[in-house]
Amino acid sequence: MTFPTWALAGFWGLVSGSALLLGAAIGYYAHVPQRLIAAVMAFGSGVLISTLSLELMEEAYKKGGLDSTALGFVGGAAAYTLANWVLARAGAKHRKRSGEHQRTEREKVQTGQKEGTEAGDDNGMALAIGALLDGIPESIVIGLSMLAGGSVSMVAVVAIFMSNLPEGLSSSAGMKKAGRPARYVFLLWAGIMLISGVASLAGYSVFSQFSPEVVAATTAVAAGAVLAMIADTMIPEAFETAHNFTGLITVLGFLASFFLSKMGG
């Protein structure tokens, strides 16, 4: 039985997004040491950096040239940075932290100590939107990867899965310490997983009608947003605990993704 390409795009988006839910379950129930969480986060950062360098930016450049690629790359990073700044003011700055940062942030919001908030507010919605902001660019990439020949880039799927696992793990561990109930945590990540599938489907269905230059710019936008997300949220969490080992572990993650790309090629 042959499935339509758009359905496969949604399926692979769900597969990569499922790592968020799996990581959330591990982080919430397994009591993973913070040093290990930091190491996995650093590894996931290296995986994503390699993927956006070797897969996304290279493909964008081939399809649209330097102008479209550069404009999209900077635009994606700028858009993510602006949205992340707004969410940070609403109490979602530490959404990927596994330590006590989320609990402290929640208390500041609830007591009105956080600038721009009122006493009694909760940053739960900001956390949810932040998780969505982090996940959508990666998922769109999967759909875009299917535009060339109708088959998904397994390198991108595996790399995003490998990076989503520590994201869900670290964030849910921090949410638990902040007093978030299991129902909130798992409904959040299950929702993000489903939206990941929809975003991947949209990446294929919507942009299949556009020119190579538009597809290239969109791919670069996603790459820029992902790199900004790594620098703003993943690396700080990794360095918080792993310190001097962060660079080495990140390099190993980059090498793992590099190896996958060469095997896939």
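Residues numbered from 1 in each chain as written. Predicted model: local features only at pLDDT ≥ 70, side-chain atom pairs only at ≥ 80, totals over all residues. Heavy atoms only, no water.

- Named according to an unreviewed UniProt entry, the chain is ZIP family zinc transporter originating from Hymenobacter persicinus.

1. Here's the deal with the overall build of the chain
For step 1, the next point in the chain: Within the chain, the secondary structure is distributed over 8 helices and 0 strands.
For step 2, the next point in the chain: Walking the chain from its N terminus toward its C terminus, one meets helices and strands in the order α-α-α-α-α-α-α-α.
For step 3, the next point in the chain: Considering only residue pairs separated by 6 or more positions, the chain has 84% of its internal contacts joining residues 24 or more positions apart.
For step 4, the next point in the chain: Taken as a whole, the chain presents about 11,900 Å² of accessible surface, with 69% of it coming from carbon and sulfur. (Helix = DSSP H or I, 4+ residues; strand = E, 2+ residues; numbered from the N terminus. Contact = heavy atoms within 4.5 Å. Areas by Shrake-Rupley, 256 points an atom, 1.4 Å probe, with all protein chains shown as cover.)

2. Observations concerning the UniProt feature "transmembrane region" (unreviewed entry) in the chain
For step 1, the next point in the chain: UniProt tags residues 6-29, 36-57, 69-88, 140-162, 182-207, 214-235 and 241-260 as "transmembrane region" (unreviewed entry).
For step 2, the next point in the chain: Secondary structure content for residues 36-57 is 100% helix and 0% strand, and the end C-alpha separation is 30 Å. (UniProt positions renumbered as here; feature names shortened; annotations may be inferred.)

3. As for the environment of Gly76
For step 1, the next point in the chain: The residue Gly76 is located in helix H2 (residues 34-92) in this model.
For step 2, the next point in the chain: Distance from Gly76 to Ala223, taken between C-alpha atoms, is 7.2 Å for residues 147 residues apart in sequence.

4. A closer look at the packing of helix H1 (residues 5-29) against helix H6 (residues 182-205)
For step 1, the next point in the chain: Where H1 contacts H6, the axes come no closer than 7 Å and their chain directions differ by 160°. The orientation of H1 relative to H6 falls into the category roughly antiparallel. Pair H1 / H6 crosses with right-handed handedness. (Axes fitted to C-alpha atoms, helices over the stretch in contact; angles between N-to-C directions. Parallel < 35°, antiparallel > 145°, perpendicular 65-115°, else oblique. Left-handed = near helix turned anticlockwise from the far one by under 90°.)

5. Here's the deal with the pattern of salt bridges
For step 1, the next point in the chain: One pass over the structure, following the stated rule, counts 1 salt bridge.
For step 2, the next point in the chain: Note that Glu59 is salt-bridged to Lys63, the shortest N-O span being 3.8 Å. Of this pair, Glu59 and Lys63 both sit in helix H2, 4 residues apart, which is roughly one turn of the helix.
For step 3, the next point in the chain: Since its relative accessible area comes to 32%, Glu59 is described here as partly exposed.
For step 4, the next point in the chain: For Lys63, a relative accessible area of 23% puts it in the partly exposed group. (Salt bridge = Lys/Arg side-chain N within 4 Å of Asp/Glu carboxyl O. Buried < 20%, exposed > 50% of the residue type's maximum accessible area, 1.4 Å probe, protein only.)

6. Here we look at the side chain of Ser257
For step 1, the next point in the chain: Note that Ser257 resides in helix H8 (residues 246-264).
For step 2, the next point in the chain: With a relative accessible area of 2%, Ser257 lands in the buried category.
For step 3, the next point in the chain: Polar side-chain contacts of Ser257 include one of 3.0 Å to the side chain of Thr51.
For step 4, the next point in the chain: Residues in contact with Ser257, not counting those within four places in the same chain, are Val47, Ser50, Thr51, Val155 and Ala159. (Polar contact = N/O pair within 3.5 Å; in protein donor to acceptor, adjacent residues only side chain to side chain.)

7. What to know about the packing of H1 against helix H5 (residues 154-177)
For step 1, the next point in the chain: Interhelical geometry of H1 versus H5 gives an angle of 30° and a closest axis separation of 6 Å. As judged from the angle between their axes, H1 and H5 are roughly parallel. H5 is crossed by H1, and the crossing has right-handed handedness.
For step 2, the next point in the chain: Each residue belonging to the contact of H1 with H5 can be placed in one class, and the counts come to 15 nonpolar, 8 polar and 2 charged. (Nonpolar A, V, L, I, M, F, W, Y, C, P; charged D, E, K, R; others polar.)

8. Points about the packing of aromatic side chains
For step 1, the next point in the chain: Going through the model one piece at a time under the given rule, you end up with 5 aromatic pairs.
For step 2, the next point in the chain: Centre to centre, the rings of Phe11 and Trp12 are 5.0 Å apart; their planes meet at 70°, and the pair counts as edge-to-face.
For step 3, the next point in the chain: A relative accessible area of 42% places Phe11 in the partly exposed class.
For step 4, the next point in the chain: When the centroid spacing of 5.2 Å and the interplanar angle of 75° are considered together, the rings of Tyr28 and Tyr29 count as edge-to-face.
For step 5, the next point in the chain: Exposure remark for Tyr28: the relative accessible area of 9% places this residue in the buried category.
For step 6, the next point in the chain: The exposed category is assigned to Tyr29, whose relative accessible area is 52%.
For step 7, the next point in the chain: One residue, Lys176, lies across the ring of Tyr28, its end atom 5.2 Å from the ring centre.
For step 8, the next point in the chain: Here the basic side chain of Arg180 rests over the ring of Tyr184, its NZ or CZ set 5.0 Å away from the ring centre. (Phe/Tyr/Trp six-rings, centres within 6.5 Å; stacked < 30°, edge-to-face > 60°. Lys NZ or Arg CZ within 6 Å of the ring centre and 35° of its normal.)

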